[in-house]
Amino acid sequence: MGEFDNKEREEVFSKKVRAGKRTYFFDVKATRSGDYYLTVTESKKRLEDGVFVKHKIFLYKEDFEKFTEGLNETVDYIKTHQDVVEKRYEFSENGEPSARTTDDFSF
């Protein structure tokens, strides 16, 4: 019983966001005592072997305010120091994203 298995936690809410080659999952889960917490997962398919690589962070309600402040400050910094162009993606029948813009992405 001492083993902590996050998959057993009740999922309360989930939001999936596709952004180009990455997919983000925002999942609200409940602890055994009924407290909510947030998991943010980034999923990206490796080109060389087709395996999905996932990175996950856990954010607990007592940290929401400071996390939000830090995130907003960081995003505001980027927005004031560089142009941020949001790309909109369409997904083909095979699930591969293709940008809807005609921007030149060469480096």
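What you see is a predicted model, and the numbers here were worked out from it, not measured in a lab. (Residues numbered from 1 in each chain as written. Predicted model: local features only at pLDDT ≥ 70, side-chain atom pairs only at ≥ 80, totals over all residues. Heavy atoms only, no water.)

Caption draft 1: Summary view of the pattern of salt bridges. Scanning the entire structure with this criterion turns up four salt bridges. D35 serves as the salt-bridge partner of K61, at 3.1 Å between the closest nitrogen and oxygen. Residue K61 is located in the loop between β4 (52-60) and α1 (64-81), and its partner D35 is located in the loop between β2 (22-30) and β3 (36-45); the two are separated by 26 residues in the primary sequence. Its salt-bridge partner being R46, residue E48 comes within 3.8 Å of it at the nearest N-O pair. Judged by its relative accessible area of 65%, E48 is exposed. Overall, R46 belongs to the partly exposed group, its relative accessible area being 34%. (Salt bridge = Lys/Arg side-chain N within 4 Å of Asp/Glu carboxyl O. Helix = DSSP H or I, 4+ residues; strand = E, 2+ residues; numbered from the N terminus. Buried < 20%, exposed > 50% of the residue type's maximum accessible area, 1.4 Å probe, protein only.)

Caption draft 2: Quick peek at the sheet that holds β2. Ordered by their spatial adjacency, four strands build an open sheet running β1-β2-β3-β4, and the pairing between neighbours is antiparallel. Across the chains shown, the open sheet's two edge strands, defined by having one partner strand only, are β1 (10-19) and β4. Strand-to-strand twist across the sheet, computed as the mean angle between neighbouring axes with direction ignored, equals 20°. Bridge analysis of β3 against β4 gives nine bridges, and the strand direction is antiparallel. Pairing of S43 across the sheet is with K54, part of β4. (Pairing = 2+ DSSP bridges. Axes fitted to C-alpha atoms, helices over the stretch in contact; angles between N-to-C directions.)

Everything listed here is a matter of geometry and, on its own, says nothing about what the molecule does.
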